[in-house]
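A look at the structure
Below are the chains, spelled out letter by letter.
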Amino acid sequence: LHRLEDVKSLSVYGPSLTDLRIEACYDLTSVKLLQRFPDFAHTAMTPVVKLDLTNTTLPKKMIDELKDNPRLALSGLPSADDDFGGSDVTSTDEEDGPELKIAHFSKSEACGFYKHECGHIEEAIGVRLRHRCRGGRVVNLDDIQRAINWGANVVYVWCVRITPDAVLHAQQARVSVVEFRKDDPRPRGFEHSPMMRFIR
């Protein structure tokens, strides 16, 4: 499947399928390999399907789900040497002076919220805060390596899981990792929320 313009979701039922290549489908956000299909008799499935995702831009959350599927062997994914996320987000166009690069990992890739909440901090301390964000359920070693390659000074993990090897790699690179968990014990109220702790 090559350059499927405007196709956002793909569901495939293929009991005998062994290889599936999805190349340059830039609008695609969801890929599912169905185990059953209405009105079709259930037959034995091939144990492994090789799924090539070369030059696709699937959300990280979707890639994580595909990785969790034991029937799929993925290829064509970005390597740890690839750039981290998209463009930077800052609250100022000023490019001179000191800056702090912050990598955010959460369920959403939106960075606008950090830009809005941190604008006054940049002015007060005289340091430009540059944000990059990645969405997904798990932060793995490759994610941390991309953040380090981008030049992140600190990594914030917002209520998603980070693997132990990713934490260790960040520590070895002298990049701080701050985790916010849903089950963190804290007093009630927005003043004690993870976002307010981040801003402080």
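Details of the structure are given in the entry above.
Residues numbered from 1 in each chain as written. Predicted model: local features only at pLDDT ≥ 70, side-chain atom pairs only at ≥ 80, totals over all residues. Heavy atoms only, no water.

What about the overall build of the chain?
Inclusion rule: Under the scheme used here, helices are H or I runs from DSSP no shorter than 4 residues and strands are E runs no shorter than 2 residues, and both carry numbers assigned from the N terminus. A 1.4 Å probe rolled over the protein chains alone gives each residue an accessible area, and that area as a share of the maximum for its type sets the label: buried under 20%, exposed over 50%, partly exposed in between. A contact between two residues is defined here by any heavy atoms of the two lying within 4.5 Å. Here the Shrake-Rupley method, with its probe set to 1.4 Å, supplies the accessible areas, and only the displayed protein chains count as covering residues.
Broken down by element type, the chain carries five helices and 11 strands. Within the chain, buried positions represent 41% of all 200 residues. A separation threshold of at least 6 residues defines the contact pool for the chain, and within that pool the share at least 24 residues apart is 63%. Roughly 11,700 Å² of accessible area belongs to the chain as shown, and the carbon and sulfur atoms make up 52% of that amount.

Digging into the sheet that holds strand β11 (residues 176–180)
The condition that has to hold: We treat two strands as partners when DSSP finds at least two bridges between them. Whenever a helix is involved, its axis is fitted only over the stretch in contact; in every case the axis is a line through C-alpha atoms, and angles between N-to-C directions fall within 0 to 180 degrees.
Here we have four strands laid out as an open sheet, ordered β7-β6-β9-β11, and parallel in their pairing. Each having just a single partner strand, β7 (128–135) and β11 make up the two edges of the open sheet. Neighbour-to-neighbour, the strand axes of the sheet open up by a mean angle of 20°, direction not taken into account. Two elements, strand β9 (residues 154–158) and β11, share five bridges in a ladder whose sense is parallel. Its bridge partner being in β11, Trp-158 is matched across the sheet by Phe-180. Across the sheet, helix α3 (residues 141–150) lies against β6 (99–106), β7 and β9, angled at about 160° from β6, the strand it touches most.

Any link to function would need more than the numbers given here.
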